[in-house]
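Descriptive analysis of the structure
The lines below spell out each chain.
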Amino acid sequence: MPALIPPTPQQAVEAARPLVLTVFRIVVGLLFACHGAAALFGVLGGAKGGGSIPPGQWPGWWAALIQLVGGALVLLGSGTRTAALLCSGSMAYAYFTVHQEQALLPLQNGGEPSVMFCWAFLAIAVLGSGPYSLDRLLAARRPAAEPSPQATSTG
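Now for a quick tour of the structure. (Residues numbered from 1 in each chain as written. Predicted model: local features only at pLDDT ≥ 70, side-chain atom pairs only at ≥ 80, totals over all residues. Heavy atoms only, no water.)

In this model, the largest pocket occupies a volume close to 720 Å³. Lining the largest pocket are 29 residues, with Lys48, Ala63, Gln67, Met91 and Ala94 sitting closest to its centre. Looking at the lining of the largest pocket, the elements with two or more residues in it are helix H1 (9-41), helix H2 (60-76), helix H3 (80-99) and helix H5 (112-127). Top contributing element to the lining of the largest pocket by residue count: H3, with seven residues. Split by residue class, the lining of the largest pocket holds 17 nonpolar, eleven polar and one charged. (1 Å grid on protein atoms, 1.4 Å probe; cavity = no way out; pocket = protein on both sides within 12 Å on 5 of 7 lines; lining within 4 Å. Points joined across faces, edges and corners; volume = space filled by probe spheres on them. Helix = DSSP H or I, 4+ residues; strand = E, 2+ residues; numbered from the N terminus. Nonpolar A, V, L, I, M, F, W, Y, C, P; charged D, E, K, R; others polar.)

Right under this line is the structure:
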């Protein structure tokens, strides 16, 4: 009977990597989507303590739209690398245009969430969605591409 527990801590960590990456992606995507929903629809406490951002207002409304849509895509694992890169960039933009001018360090200027989301999404963009994602599920269901007649001819 095979052992269910890996024999070394390093093997246990490696065995847990796919699940941890998936849970990390889901949690980060969910939290980011919640920020977007709060700002766009005034739910979950609303934008900055209440209410919603007026439609089309630059840059807040557009940032909230990226948060909602990008966070949802990352949460589901659909177009993950592209969505995560866009989310990371939006948080870098937010940090340098909103927070940096108030003080140098994130602890001083209130930019910790922007910095954390920026780096978390960059990690997701680099590492990918993990094995448990909508992209992987859809890829597994696609039939294998049939070779073209030209490729099979010996001609």
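Inspection of every chain in the model, using the stated rule, returns six aromatic pairs. Considering the side-chain rings of Trp61 and Trp62, the 4.7 Å spacing of their centres and the 90° angle between planes classify their relative orientation as edge-to-face. With centroids separated by 6.0 Å and ring planes inclined at 20°, the aromatic side chains of Phe117 and Phe121 adopt a geometry described as stacked. Here Phe117 and its partner Phe121 are both found in helix H5, four residues apart, which amounts to about one turn of the helix. By the burial criterion, Phe117 is buried, and Phe121 matches it. (Phe/Tyr/Trp six-rings, centres within 6.5 Å; stacked < 30°, edge-to-face > 60°. Buried < 20%, exposed > 50% of the residue type's maximum accessible area, 1.4 Å probe, protein only.)

Our focus in this paragraph is the packing of H2 against H3. The packing of two helices is summarised by the inter-axis angle and the distance between the axes. It is at 9 Å that the axes of H2 and H3 come closest, and there the two elements cross at 145°. The interaxial crossing formed by H2 with H3 has left-handed handedness. Each of Ile66, Gln67, Gly70, Gly71, Leu73 and Val74 in H2 lies in contact with H3, whose residues at this interface are Thr80, Ala83, Ala84, Leu86, Cys87, Ser90 and Met91. Considering only residue class, the contact of H2 with H3 consists of eight nonpolar, five polar and no charged. (Axes fitted to C-alpha atoms, helices over the stretch in contact; angles between N-to-C directions. Left-handed = near helix turned anticlockwise from the far one by under 90°. Contact = heavy atoms within 4.5 Å.)

Attention now moves to the pattern of salt bridges. Using the criterion set out here, one finds one salt bridge in the structure. Here Glu14 ties to Arg17 by a salt bridge, and the two come within 2.6 Å at their closest N and O atoms. Here Glu14 pairs with Arg17, and both are found in helix H1, just three residues apart, close to one helical turn. (Salt bridge = Lys/Arg side-chain N within 4 Å of Asp/Glu carboxyl O.)

We now examine the environment of Val27. Position of Val27 among the secondary structure elements: in helix H1. Here Val27 falls in the partly exposed class, since its relative accessible area comes to 42%. Here the alpha-carbon distance between Val27 and Ala16, two residues eleven residues apart in the chain, equals 16 Å.

The values reported here are purely geometric and, on their own, carry no functional implication.
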